Each structure stands twice: as C-alpha cells, then as structure tokens.
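Report on the structure
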Amino acid sequence: GKLCPSGWHVPAELEWIELINFAGGTLVAGGKLKEEGTIHWQSPNTGASDDYGFEALPGGYRNFDGNFIDIGLNTHFWSSLETSPSGSRQYLLFHDNEYIGLGYAMKNHGYSVRCLKD
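In this text the structure is predicted, and so the values were computed from the model without any measurement.

Focus on helix H1 (residues 13-22)
Here H1 has its buried residues at Glu13, Trp16 and Ile20. Seen along its axis, H1 keeps its buried residues to an arc of 65°; they face one direction. Set apart from the buried face of H1 by more than 90 degrees, the exposed residues are Leu14, Glu18, Asn21 and Phe22. Those residues of H1 that are buried are in contact with helix H2 (29-33), strand S4 (74-84), strand S5 (87-94) and strand S6 (100-106).

Here is the structure:
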C-alpha cells in the first residue's frame, strides 16, 4: 500500500506471470526486459535486448543491515504476493543470463519496484 503512488499498484503474481509469458517465458524474458549494453549492467549482460521498453536496471538489493548487494549484477523486483508474515514473492534478473528467476523476498530487505497503473 505504500510503495506506489495513488492510482498505481505493485504487480500481483498473475501480472508478473502475464509479462513473463508475453516476453517468451522464464528462459528468455529476463533478457528481453533488461536494459541493453554494459553502461549499468556488468558484462556480459547476456541476452539483453529490452524489446518492450521495460529497461530493467541492475539495482541489486539492500539487505537487512542497510548494505547494498549486487549493484550492477542483478535486480530484484517486488510483487504484491505475500508468502509469509515476513516475506513476499520477488522476480530476479541477472547480468550473466536471460532467465527471469522467482524468489522469496524478506520484508526487511529493499528491492526494486515497478508500479502498474490501476
């Protein structure tokens, strides 16, 4: 409720799945959503083509003690699906492959968010 401005929302699990399927499935969707090149992403930024203008950047994440991890290597996006009182679903993009991963995010960490218009 507090990550996105009024009129926008954090994507639900089904909205992420719809995007991944539209972009060709989990094995290639990450590449099609990543910013091209190695200005922000560390080499090799495998499969990066940004086919749809999503332009995902490698923000890494902030862990529970405030340290930033993996900037330039990967990015973690929140979804609105809570998996436990302390966790939520996340989607991951990596510099060295075009796969889009599924993981579990701890609420005391910081991840990137892409807001969708209601």
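Looking at the layout of surface pockets
Left-over empty space is what a probe sized like a water molecule reveals as it rolls over the atoms. One number sums up the size of the second largest pocket: a volume of about 160 Å³. For the second largest pocket, the full set of lining residues is Pro11, Glu15, Trp16, Glu18, Leu19, Phe54, Arg114, Cys115 and Leu116. Looking at the lining of the second largest pocket, its residues break down into six nonpolar, no polar and three charged.

Quick notes on the sheet that holds S4
Strand order in the open sheet formed by three strands is S4-S5-S6, with antiparallel pairing between adjacent strands. In this open sheet, the two edge strands, each paired with only one partner strand, are S4 and S6. Ignoring strand direction, the axes of neighbouring strands in this sheet form an average angle of 30°. Note that S4 and S5 share seven bridges and pair antiparallel. Looking at S5, one finds that Thr75 is bridged to Leu93.

What counts, and where the lines are drawn
Residues numbered from 1 in each chain as written. Predicted model: local features only at pLDDT ≥ 70, side-chain atom pairs only at ≥ 80, totals over all residues. Heavy atoms only, no water. Buried < 20%, exposed > 50% of the residue type's maximum accessible area, 1.4 Å probe, protein only. Helix = DSSP H or I, 4+ residues; strand = E, 2+ residues; numbered from the N terminus. Arc of directions from axis to C-beta. Contact = heavy atoms within 4.5 Å. 1 Å grid on protein atoms, 1.4 Å probe; cavity = no way out; pocket = protein on both sides within 12 Å on 5 of 7 lines; lining within 4 Å. Points joined across faces, edges and corners; volume = space filled by probe spheres on them. Nonpolar A, V, L, I, M, F, W, Y, C, P; charged D, E, K, R; others polar. Pairing = 2+ DSSP bridges. Axes fitted to C-alpha atoms, helices over the stretch in contact; angles between N-to-C directions.

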